[in-house]
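Each chain, written out:
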Amino acid sequence: MTKIYVAGHRGMVGSAILRRLKARKAAGEALDLVTRSHAELDLIDQQAVRDFMTSERPDVVILAAAKVGGIHANDTYPAKFIYENLMIECNVIHQAFAAGVTRLLQLGSSCIYPKEAPQPMAEDVLLTGTLEPTNEPYAIAKIAGIKLCESYNRQHGVDYRSVMPTNLYGPGDNFHPENSHVLPALIRRFHEAVQTGAEEVVIWGSGKPMREFLHVDDMAEASLFVLDLNRAAYEAHTRSMLSHINVGTGTDVSIMELAQMVARVTGFQGRITTDPSKPDGTMRKLMDVSRLADMGWAAKITLENGVRETYEWFKQAEDVRS
């Protein structure tokens, strides 16, 4: 029996990973799945995390918990983003080690890479340039998480791994009008435009930035794929201080193309205009996923199919709330 603790199981990625683990368990795999809500376990509280790890003693930890948000949230609450993410990583990783956990998977973000990184961004461009200012505090915390895992591996011989997803979307996403990422924000905006009969939808920025999007179910599958790799196979594709793995589709679209796709999916037939007074952020962020491809994994869900599925989930969630 393998006991797996999924930290952040109510979040978009954590819940997708938990769904897959439950399916494995239902299919006969000997798994003991452990979760705690934020009310039950505050990961920022060091003593609480220590007590939990000492009591539960999981065999494997999947760290999918994080304080996340879009450009507006990152720019408005920088102290909150760097503090909470650093504390979550330090507490979970160190207390897992102290409790004897030898296998851990940490989920990060593509924002770890420099603002002017060559495209597509390979793992080895980490720490080669200046970060995007709007989310630098969050990025610094995520980089620290990678280095925590690598340092514990080097000093203690444990097997702690990190995967860096591109922009994620899907069921369970945050559709808040101000604190969400670009794709869920567009879905909500176009849905509301259809509901109110609006003739125009304004999107932030110039519409020119290029972005890559990965469905959360693909991310969950990739995460477990990386976790399941035997150590020799994993280390054959990584280095001790460059051990993280990019997860993405390897393709991108402009924000305007994305808006047009969301318009098709939601049935909006009005005008789409831009607001150049709002920030664009980095002009292009595309992951080099060749390392993961060499390991044997590739994304399966196309963007338009994924957006359609996500929109259906959003409408059902709206119906429940209303």
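Everything below is about the structure shown above.
Analysis parameters
Residues numbered from 1 in each chain as written. Predicted model: local features only at pLDDT ≥ 70, side-chain atom pairs only at ≥ 80, totals over all residues. Heavy atoms only, no water. Helix = DSSP H or I, 4+ residues; strand = E, 2+ residues; numbered from the N terminus. Buried < 20%, exposed > 50% of the residue type's maximum accessible area, 1.4 Å probe, protein only. Polar contact = N/O pair within 3.5 Å; in protein donor to acceptor, adjacent residues only side chain to side chain. Disulfide = S-S within 2.5 Å. Salt bridge = Lys/Arg side-chain N within 4 Å of Asp/Glu carboxyl O. Axes fitted to C-alpha atoms, helices over the stretch in contact; angles between N-to-C directions. Left-handed = near helix turned anticlockwise from the far one by under 90°. Contact = heavy atoms within 4.5 Å. Nonpolar A, V, L, I, M, F, W, Y, C, P; charged D, E, K, R; others polar. Pairing = 2+ DSSP bridges. Expected span 1.5 Å × (residues − 1). Parallel < 35°, antiparallel > 145°, perpendicular 65-115°, else oblique.

For the rest of this paragraph, the subject is the side chain of Thr134. Among the secondary structure elements, Thr134 is positioned in the loop between strand 4 (103-107) and helix 5 (136-156). For Thr134, a relative accessible area of 16% corresponds to the buried category. A polar contact of 3.0 Å, which involves the side chain of Thr134, links it to the side chain of Glu132.

Inspection of the entire model under this criterion finds 0 disulfides. Of the cysteine sulfurs around Cys90, a residue in no disulfide, the closest is that of Cys149, at 11 Å. Cys111 takes part in no disulfide bond, and the closest cysteine sulfur to it belongs to Cys149, at a distance of 16 Å. You can call Cys111 buried: its relative accessible area is 5%.

As a further point, take the pattern of salt bridges. For the structure shown, the criterion picks out 19 salt bridges. Its salt-bridge partner being Asp228, residue Arg24 comes within 2.8 Å of it at the nearest N-O pair. Of this pair, Arg24 sits in helix 1 (residues 12-26) while Asp228 sits in helix 7 (residues 216-228), placing them 204 residues apart in sequence. By relative accessible area, which is 25% here, Arg24 ends up partly exposed. Using a relative accessible area of 45% as the deciding quantity, one classes Asp228 as partly exposed. Ionic pairing is found between Lys315 and Glu312, a salt bridge with its closest N-O pair at 3.1 Å. Residue Lys315 and its partner Glu312 are located together in helix 11 (residues 303-321), separated by 3 residues, close to a single helical turn.

For the rest of this paragraph, the subject is the packing of helix 2 (residues 46-56) against helix 4 (residues 78-98). The packing of two helices is summarised by the inter-axis angle and the distance between the axes. The interhelical angle for the contact between helix 2 and helix 4, taken along N-to-C directions, is 35°, at an axis separation of 9 Å. As helix 2 runs across helix 4, the sense of the crossing is right-handed. For the pair helix 2 and helix 4, contact is made by Gln46, Val49, Arg50 and Met53 and by Asn91, Val92, Gln95 and Ala96, respectively. Of the residues assigned to the contact of helix 2 with helix 4, the class counts are 4 nonpolar, 3 polar and 1 charged.

Before going further, it helps to examine the sheet that holds strand 5 (residues 159-165). Spatial strand order, 2-1-3-4-5-10: 6 strands in an open sheet with parallel pairing. Looking at the sheet topology across the chains shown, the edges are occupied by strand 2 (31-34) and strand 10 (245-247). In this sheet, neighbouring strand axes are inclined to one another by 20° on average, regardless of whether the strands run parallel or antiparallel. Here 4 bridges tie strand 1 (residues 2-7) to strand 2, and the two strands are oriented parallel to one another. Note that in strand 2 the partner of Thr2 across the bridge is Leu31. The strands that helix 2 touches are strand 1, strand 2 and strand 3 (60-63); relative to strand 1, the one it contacts most, it runs at about 160°. Along the sheet, helix 4 makes contact with strand 3, strand 4 and strand 5, crossing strand 3 at roughly 175°.

Another aspect to go through is the environment of Ile17. With respect to the element layout, Ile17 can be found in helix 1. Taking the C-alpha atoms as reference, Ile17 lies 9.0 Å from Ile62; in sequence the two are 45 residues apart.

Between its first and last C-alpha, helix 6 (residues 182-196) extends 21 Å over 15 residues, near the 21 Å set by a 1.5 Å rise per residue. Of the positions making up helix 6, those classed as buried are Leu183, Pro184, Ala185, Leu186, Ile187, Arg188, Phe190, His191 and Ala193. With its phi angle positive at about 75°, Gly197 sits one or two positions after the end of helix 6.

Running from N to C, helix 6 and helix 9 (residues 255-266) cross one another at 45°; their axes reach a closest spacing of 9 Å. Taken as axis vectors, helix 6 and helix 9 run oblique relative to one another. Here the hand of the crossing between helix 6 and helix 9 comes out right-handed. Seen from helix 6, the contacting residues are Val182, Leu183, Leu186, Ile187, Phe190, His191 and Val194; seen from helix 9, they are Ile255, Leu258, Ala259, Val262, Ala263 and Thr266. Residue composition of the contact of helix 6 with helix 9, by class: 11 nonpolar, 2 polar and no charged.

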